[in-house]
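Residue-level listing of the chains:
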Amino acid sequence: GDLLYLWGTSVLSIGFLQLPFVVMPLYVDTAEIGVFAVAHKLINVVTTLLLLLAAVFGPAFARSAAQRDHPALLGLLRRTQLISTAVFLPAALALLALAGPIADLFGSDFGELRLFLTILAAGHLVNAATGLSGVLLNMAGAASRELSTLVVALAAALAGSAWVGPEYGAPGLAAVFSGSIALKNLASYALATHLLKSTGKQQ
């Protein structure tokens, strides 16, 4: 059962990541999509570093979950929050500081690069601050809960895009996508902490 949920989570994660490039052509022109794409790729360079933490902490989560050591799981989650924030925040601030020179490399059409970077960085800061809560859920036998957060976030992003896109264009859509990232990670964190508290009480 968990394998099916893990498969679904993997597929939806890819779809969630690429959703902006499916939705934006419906509402904005190619030039704005290009500026957003550069901001999206720059932020993803930083968030890829956070994914590398899963290779280290994933097995540690699995070991502690198998031993039903919930204090250890909570401690690991706290460590991932601290490390993720410490990695993401300076890198994101550096990108924002360099947004002007980077935009100049591409030309005058990229004047909104800093705006898109700021909007996306806000959502990914929540991602960093909540640590690897989704990995914890997957490794602790609660993969179905992690899948549910992705379904809700994806639905919210689609609904928000249909509402915001025609009126606010690319910046509004960027805010929707960033907000859906924050929503997904806050939900994963809430479910992870609830799981640890409820199973801890049962022991």
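Placed above this text is the structure.
Report follows, based on the coordinates. This structure is a prediction, so every number in the text was calculated from the model and none was measured.

Each value, and the rule that gives it
Residues numbered from 1 in each chain as written. Predicted model: local features only at pLDDT ≥ 70, side-chain atom pairs only at ≥ 80, totals over all residues. Heavy atoms only, no water. Helix = DSSP H or I, 4+ residues; strand = E, 2+ residues; numbered from the N terminus. Rg over C-alpha atoms; globule rule 2.2 N^0.38 Å. Buried < 20%, exposed > 50% of the residue type's maximum accessible area, 1.4 Å probe, protein only. Contact = heavy atoms within 4.5 Å. Expected span 1.5 Å × (residues − 1). Bend = angle between axes of the 7 residues up to and from the residue. Salt bridge = Lys/Arg side-chain N within 4 Å of Asp/Glu carboxyl O. Phe/Tyr/Trp six-rings, centres within 6.5 Å; stacked < 30°, edge-to-face > 60°. Patch = residues over 30% accessible without salt bridge, like charges linked within 9 Å, V, L, I, M, F, W, Y side chains within 5 Å. Areas by Shrake-Rupley, 256 points an atom, 1.4 Å probe, with all protein chains shown as cover.

## Comments concerning the overall build of the protein
Right, so step 1: A count of helices and strands for the protein gives seven helices and zero strands.
Right, so step 2: When the helices and strands of the protein are listed from N to C terminus, the series reads α-α-α-α-α-α-α.
Right, so step 3: Computed over C-alpha atoms, the radius of gyration of the protein comes to 18 Å, within 12% of the 17 Å expected from 2.2 N^0.38 for 203 residues, which places it in the range of a compact globule.
Right, so step 4: For the protein, the C-alpha atoms occupy an extent of roughly 60 × 35 × 25 Å along the three principal directions.
Right, so step 5: Within the protein, the fraction of its 203 residues that count as buried is 45%.
Right, so step 6: For the protein, the proportion of contacts with a sequence separation of at least 24, taken over those separated by at least 6, is 80%.

## What to know about helix α1 (residues 2-23)
Right, so step 1: Relative to the 32 Å expected for 22 residues at 1.5 Å per residue, α1 spans 30 Å between its end C-alpha atoms, a close match to the ideal helical length.
Right, so step 2: In the structure, α1 departs most strongly from a straight axis at Leu 17, where the bend amounts to approximately 45 degrees and where the proline Pro 20 lies between one and four residues downstream.

## Remarks on the pattern of salt bridges
Right, so step 1: For the structure on display, the rule yields one salt bridge.
Right, so step 2: Among the ionic pairs, Lys 184 bridges to Glu 146, the shortest N-O distance being 2.6 Å. Taken as a pair, Lys 184 and Glu 146 share a single burial class, namely buried.

## Focus on the packing of aromatic side chains
Right, so step 1: Across all of its chains, the model carries five aromatic pairs by this definition.
Right, so step 2: Geometrically, the ring pair formed by Phe 106 and Phe 110 is stacked, given 4.8 Å between the ring centres and 25 degrees between the ring planes.
Right, so step 3: A relative accessible area of 46% means that Phe 106 is categorised as partly exposed.
Right, so step 4: Grouping aromatic residues by their ring pairs yields a cluster made of Phe 21, Phe 36, Phe 116 and Phe 177.

## Re a nonpolar patch on the surface
Right, so step 1: Taken together, the side chains of Leu 49, Leu 52, Ile 83 and Val 87 make up a nonpolar region of the molecular surface, amounting to roughly 310 Å² of accessible area.
Right, so step 2: Those elements that provide at least two residues to the nonpolar patch are α2 (30-66) and α3 (70-97).
Right, so step 3: The topology assignment puts Val 87 in helix α3.
Right, so step 4: By relative accessible area, Val 87 is classed as partly exposed at 32%.

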